[in-house]
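Examination of the molecular architecture
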Amino acid sequence: MRLSKPSFGSLVQKRLIRRLVVFVVAAACLAWVFYDINPSRLLQSLGGLNWRWVVLAVAFDILSYGIQGVQWALLLHPLGNISLAKAIQAIYAGLFANAMIPMRAGELVRIFLVSRWLSVDFVSVVPSVIVGRLFDGIWLAVGIGLTAIFIHLPKRVMEGVEILGFVVLVGVFFLSYLIFRSRGEEVPNPGDDKTGRGALQLVGSWIGKTVQGVKAIGATRRFYLSFLVSILYLFFGIMAFWLGMWAYRIDLPLWGGTAAYLIVRLGTFLPNTPSNVGTYQFFTVLALSLLGVDKTDAAGFSAVVFIMLTFPLWIIGLYAVSRTGIKFRNIRREIGRLMKKHPA
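Here the structure is a predicted model, which means the values were calculated and not measured.

Conventions used here
- Residues numbered from 1 in each chain as written.
- Predicted model: local features only at pLDDT ≥ 70, side-chain atom pairs only at ≥ 80, totals over all residues.
- Heavy atoms only, no water.
- 1 Å grid on protein atoms, 1.4 Å probe; cavity = no way out; pocket = protein on both sides within 12 Å on 5 of 7 lines; lining within 4 Å.
- Points joined across faces, edges and corners; volume = space filled by probe spheres on them.
- Helix = DSSP H or I, 4+ residues; strand = E, 2+ residues; numbered from the N terminus.
- Nonpolar A, V, L, I, M, F, W, Y, C, P; charged D, E, K, R; others polar.
- Buried < 20%, exposed > 50% of the residue type's maximum accessible area, 1.4 Å probe, protein only.
- Contact = heavy atoms within 4.5 Å.
- Axes fitted to C-alpha atoms, helices over the stretch in contact; angles between N-to-C directions.
- Parallel < 35°, antiparallel > 145°, perpendicular 65-115°, else oblique.
- Left-handed = near helix turned anticlockwise from the far one by under 90°.
- pLDDT = per-residue confidence, 0-100.
- Salt bridge = Lys/Arg side-chain N within 4 Å of Asp/Glu carboxyl O.
- Phe/Tyr/Trp six-rings, centres within 6.5 Å; stacked < 30°, edge-to-face > 60°.
- Patch = residues over 30% accessible without salt bridge, like charges linked within 9 Å, V, L, I, M, F, W, Y side chains within 5 Å.
- Areas by Shrake-Rupley, 256 points an atom, 1.4 Å probe, with all protein chains shown as cover.
- Expected span 1.5 Å × (residues − 1).
- Polar contact = N/O pair within 3.5 Å; in protein donor to acceptor, adjacent residues only side chain to side chain.
- Core = buried A, V, L, I, M, F, W, Y, C linked by side-chain atoms within 4.5 Å.

Moving on: empty space enclosed by the protein. For the structure shown, the criterion picks out 1 cavity of 30 Å³ or more. What lines the largest cavity is Gln68, Gln71, Trp72, Arg110, Ser128, Val129, Gly132, Arg133 and Asp136. Counting residues per element, the ones that place at least two in the lining of the largest cavity are helix 3 (51–75) and helix 6 (122–150). Partitioned by chemical class, the residues of the lining of the largest cavity number 2 nonpolar, 4 polar and 3 charged.

So this is what it looks like as C-alpha cells:
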C-alpha cells in the first residue's frame, strides 16, 4: 500500500503554522524582557558603551567560530582533507542560514557545502556534526558543574543541567560503544535490506551510514584532538560574552560572566527561532537577574550583546555564502531535494 503524498496546500499550511509558532515564541520572550523596565535608564545605559571592550568581544566571538572550524576540519578527516578556510566558510554560511531560517537549519547548509567540496554524499558528513555537538554538550555540562562550585545557581538551572548531563551521558555511552566495543566489527547497513521500501528504507540507510561514519571518526587520533580543541570554542564564547558585559558596564567577575553565558547556552541549546531571537534575550535577562543585575540593565544588555555578537556574523556569513558561487535559495532547494533522495 502506497502512502499518498501530502498536497501542496497542506504543506504550505504546515509551514505557515510553524512560522507562526516561532514568531509567537519570539514575541512572548521579548515582551517579558522589556516589560516593566525604566525607559530613561535604558537609554542612558545604551549611550555609555565602552567601544574598546566591544571590539575585543567581537574579536573573541569571531575567533570562537574559527576554533569551531578547526574542530570540524579534524572530525571531517576520514572523508578527506578539507582546508581550514573551507571548514570555517561552511560554518559561517550556516550561521547566516540560521539568521534566515528557524530551527537551526544552518546545520544542513554547512553539511551540504562540505559534501560538495569533498565530493561525498550528504549523509556522510552528518556524523561529524553529531560528534561535534556531543563535544559541545560535554564541555557545557562540565563548565556549568565547575561554575556551580564557585557560584550558587538556582534549583531550576541545576535541574536543566541534570537533564543535559543525562543526555550527554547517554550520548557518550553510545559513542564509546560504537568506537571501542564494536571496533573491528562490520556495521550492517539497514538500508541494504532491499525488502524495505520508501521512508523505512531511507531511514535505515541514514542510520547505517551515520553509525559507520561515527566509527570512522573515532578510529583516528584527530578525534581526541578535536575534543580538546572544542573546549577553546566554549572558552572564547565565554570571553566574548563577558567582555560584552564590561562594554555595557556590567561589572560582574569572570565566574559571574561564565555562569550567565552558560545559562544562555543551556537555554538556547535546542533549535528554536532564527538566530535565537527572543529566547536569547529571555535567557540573558533571566541569567543576569539571577546574578543580581537590575532587569533594566539586563534587558538593555540582552539587546546590545545580541547585535554586538550577531551582526558581524551575519556580514561574514553573507560573504561566505556569496563566495560559494551558489545562490542561497538554490542551496535551500538542493538540500530539500537531497533530504528526499535515497542516499545509498
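Having put the structure on the table, let's press on.
Here the focus is the side chain of Asn276. Residue placement: Asn276 occurs in the loop between helix 10 (254–267) and helix 11 (279–290). For Asn276, a relative accessible area of 15% translates into the label buried. Aside from chain neighbours lying at most four places away, what touches Asn276 is Arg104, Thr268 and Gln281.

This brings us to the packing of helix 3 against helix 4 (residues 84–100). Between helix 3 and helix 4, the shortest axis-to-axis distance is 8 Å and the interhelical angle comes to 120°. Judged by the inter-axis angle, helix 3 sits oblique to helix 4. Crossing of helix 3 over helix 4 shows right-handed handedness. Between helix 3 and helix 4, the contacting residues are Ile62, Tyr65, Gly66, Gln68, Gly69, Val70, Trp72 and Ala73 on the first element and Leu84, Ala87, Ile88, Ala90, Ile91, Tyr92 and Leu95 on the second. Per-class residue counts for the contact of helix 3 with helix 4 are 12 nonpolar, 3 polar and no charged.

So, about the confidence of the model for the protein chain. Taken residue by residue, the protein chain gives an average pLDDT of 83. The fraction at 70 or more is 86%. pLDDT under 50 marks residues 187–196. Its contacts with residues more than four places away, or in other chains, come to 18 contacts.

What follows is about the pattern of salt bridges. Opposite charge on two side chains permits pairing when their charged atoms draw close. One pass over the full model with this rule turns up 3 salt bridges. Salt-bridge contacts for Arg133 lead to Glu107; the nearest nitrogen and oxygen are separated by 2.3 Å. Here Glu107 lies in helix 5 (residues 106–117) and Arg133 lies in helix 6, a separation of 26 residues in the sequence. Classification of Arg133 as partly exposed rests on a relative accessible area of 28%. Overall, Glu107 belongs to the buried group, its relative accessible area being 13%. The partner of Asp136 in a salt bridge is Arg133, with the nearest N and O atoms 3.3 Å apart. Of this pair, Asp136 and Arg133 are both found in helix 6, 3 residues apart, which corresponds to roughly one turn of the helix. For Asp136, a relative accessible area of 5% corresponds to the buried category. Each member of the salt-bridge network shares a partner with another, and the members are Glu107, Arg110, Arg133 and Asp136.

We now examine the environment of Ile315. With respect to the secondary-structure elements, Ile315 resides in helix 12 (residues 295–323). Along the sequence, Ile315 and Tyr92 sit 223 residues apart, while their C-alpha atoms lie 9.3 Å from each other.

For the rest of this paragraph, the subject is the packing of aromatic side chains. Given two aromatic rings, one states the distance between the centres and the angle between the planes to describe the pair. For the structure shown, the criterion picks out 19 aromatic pairs. With 5.1 Å between their ring centres and 70° between their planes, Phe135 and Phe227 make a pair best called edge-to-face. Of the two residues, Phe135 is situated in helix 6 and Phe227 in helix 9 (residues 222–247); the sequence distance between them amounts to 92 residues. Phe227 gets classed as partly exposed once you look at its relative accessible area, which sits at 24%.

Among the surface-exposed residues, Ile163, Phe166, Val167, Val170, Phe173 and Phe174 lie close enough to one another that they form a single nonpolar patch of about 640 Å² accessible area. Within the fold, Val167 resides in helix 7 (residues 155–181).

As a further point, take helix 3. An ideal rise of 1.5 Å per residue puts 36 Å on 25 residues; helix 3 measures up with 37 Å between its terminal C-alpha atoms. The N-cap of helix 3, judged by a side-chain oxygen 3.1 Å from the amide nitrogen of Arg52 a few residues on, is Asn50.

This paragraph deals with helix 6. For helix 6, which comprises 29 residues, the first-to-last C-alpha distance of 44 Å matches the rise-based estimate of 42 Å (1.5 Å per residue) to within 8%. A side-chain oxygen of the first residue of helix 6 lies 3.2 Å from the backbone nitrogen of Val123; this N-cap is Asp121.

Further remarks concern unusual backbone geometry. With phi around 60°, Asp36 is a residue other than glycine that occupies positive phi space. The topology assignment puts Asp36 in the loop between helix 1 (8–33) and helix 2 (39–46). Look at Asp36 and you get exposed, because its relative accessible area is 64%. One non-glycine residue, Asn276, lies in positive phi territory at about 60°.

On to the nonpolar core, then. Counting residues in hydrophobic clusters, the biggest one holds 100 residues, and the most contacted among them are Phe241 and Leu288. Ignoring any residue separated from it by four or fewer positions in sequence, one finds Phe241 in contact with Gly257, Ala260, Tyr261, Val264, Tyr280, Thr284, Phe301, Val305 and Leu309.

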